[in-house]
Amino acid sequence: MKMRTLWLLVAGLALSAPALAEIKIGYVDVRAVLAESNTGKQHRATVEKYVKDKQAALKKEEEKLNSLKQSIEKEALTLSDAQRQQKQKEFQDKVQALQKMAQDAERELQQKDREYTGKSIEIVRAIVAEVAKEEKVNLVIGRGEVLYGEEGMDLTAKVSQKFDSRSAAGKK
């Protein structure tokens, strides 16, 4: 629906030659701003460290579980049925705890990523508006909708630079 409205707007402007001379259109690759800016790279490094730390913790717990399983298997012949069932229940409880730990880590990671994206999109939109005013651009569209655009129409680098400087200023 958005795409159709955008193309209707552009077609309407094309029919009006005097208006077309006054219209300046630019585009921004928001994905690139979020992923390839210094701020985006810092976020990705933070996420990768978080994932690495969680994977190490999960691996450690998994190793404990494997040791426990081997211990239960070795002792199986010497344990009574009640003791064996108790050990197996303890093992299953620990397996479930490990699975819950992994699911919680995944949820937390997704939440952190959503928070970053949400906050960043707000900042990027404000920066796009600023850059558009500075460059006297009447309409800014996303890079995904652009099949062709002259190099001067791409505002991504300027937006990315301001995004980094604004993010750095916010951390001080």
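Note that the coordinates shown come from a computational prediction; the quantities given were computed from them, not determined experimentally.

Counting its regular elements, the chain contains six helices and two strands. Reading the secondary structure of the chain in the N-to-C direction produces α-α-β-α-α-α-β-α. In the chain, which comprises 172 residues, the proportion classed as buried is 24%. Once local pairs closer than 6 in sequence are excluded, the contacts in the chain between residues at least 24 apart make up 84%. Element-wise, carbon and sulfur atoms account for 55% of the exposed surface of the chain, whose accessible area totals about 12,600 Å².

This part is about the pattern of salt bridges. Overall, the coordinates contain 14 salt bridges when judged by the stated rule. The partner of lysine 89 in a salt bridge is aspartate 93, and the shortest N-O contact between them spans 3.1 Å. Linking lysine 89 with aspartate 93, this pair stays in helix H5 (residues 81–134), spanning four residues, or about one helical turn. Classification of lysine 89 by relative accessible area gives partly exposed; the value is 48%. One network of salt bridges, in which partners are shared, links Glu130, Glu134, Lys162 and Arg166.

Along the chain, the position of aspartate 164 falls in helix H6 (residues 156–171). Of the side chains bearing the opposite charge, lysine 41 lies closest to the buried aspartate 164, which forms no salt bridge; the N-O distance is 7.9 Å. A distance of 3.0 Å separates the side chain of aspartate 164 from the backbone nitrogen of asparagine 38, its partner in a polar contact.

We now examine the packing of helix H4 (residues 38–75) against H5. Running from amino to carboxyl end, H4 crosses H5 at an angle of 175 degrees, the nearest separation of the two axes being 10 Å. In terms of orientation, H4 lies roughly antiparallel with respect to H5. A class-by-class count of the residues in the contact of H4 with H5 yields 15 nonpolar, four polar and ten charged.

Membership of the largest hydrophobic core comes to 13 residues, with the highest contact counts inside it found for Val28, Val33, Val124, Leu155, Val159 and Phe163. Those elements that provide at least two residues to this core are helix H3 (30–36), H5 and H6. If near-sequence neighbours (up to four positions away) are discounted, valine 33 is found in contact with Val28, Val124, Thr156, Val159, Ser160 and Phe163. Listed in part, the seven residues of the second largest apolar core include Leu58, Leu65, Leu68 and Val95.

So, on to unusual backbone geometry. One non-glycine residue, lysine 136, lies in positive phi territory at about 55 degrees. With relative accessibility at 65%, the residue lysine 136 sits in the exposed group.

Taking 1.5 Å per residue as the helical rise, H5 with its 54 residues ought to reach 80 Å, and the 79 Å between its terminal C-alpha atoms agrees with that figure. Of all the positions in H5, only Phe91, Val95, Leu98, Ala105, Leu109, Tyr116, Ser120, Val124, Ile127, Val128, Val131 and Ala132 are classed as buried. Residue lysine 136 follows H5 closely and has a positive phi angle near 55 degrees.

In this section: the side chain of serine 160. Following the sequence through the fold, serine 160 ends up in helix H6. In this structure serine 160 comes out as buried when scored by relative accessible area, which is 14%. In contact with serine 160, other than residues within four places in its own chain, are Val33 and Ser37.

Attention shifts here to the pairing of strand S2 (residues 139–142). As a general feature of sheets, a regular strand has side chains that alternate between the two faces. Of the two faces of S2, the one lined by Leu139 and Ile141 is fully buried and the one lined by Val140 and Gly142 carries no buried residue. With four bridges connecting them, strand S1 (residues 25–28) and S2 associate as parallel partners. When the sheet's bridge partners are listed, isoleucine 25 is paired in S2 with leucine 139.

Here is what the cut-offs are and how they apply
Residues numbered from 1 in each chain as written. Predicted model: local features only at pLDDT ≥ 70, side-chain atom pairs only at ≥ 80, totals over all residues. Heavy atoms only, no water. Helix = DSSP H or I, 4+ residues; strand = E, 2+ residues; numbered from the N terminus. Buried < 20%, exposed > 50% of the residue type's maximum accessible area, 1.4 Å probe, protein only. Contact = heavy atoms within 4.5 Å. Areas by Shrake-Rupley, 256 points an atom, 1.4 Å probe, with all protein chains shown as cover. Salt bridge = Lys/Arg side-chain N within 4 Å of Asp/Glu carboxyl O. Lys, Arg positive; Asp, Glu negative; His and termini not counted. Polar contact = N/O pair within 3.5 Å; in protein donor to acceptor, adjacent residues only side chain to side chain. Axes fitted to C-alpha atoms, helices over the stretch in contact; angles between N-to-C directions. Parallel < 35°, antiparallel > 145°, perpendicular 65-115°, else oblique. Nonpolar A, V, L, I, M, F, W, Y, C, P; charged D, E, K, R; others polar. Core = buried A, V, L, I, M, F, W, Y, C linked by side-chain atoms within 4.5 Å. Expected span 1.5 Å × (residues − 1). Pairing = 2+ DSSP bridges.

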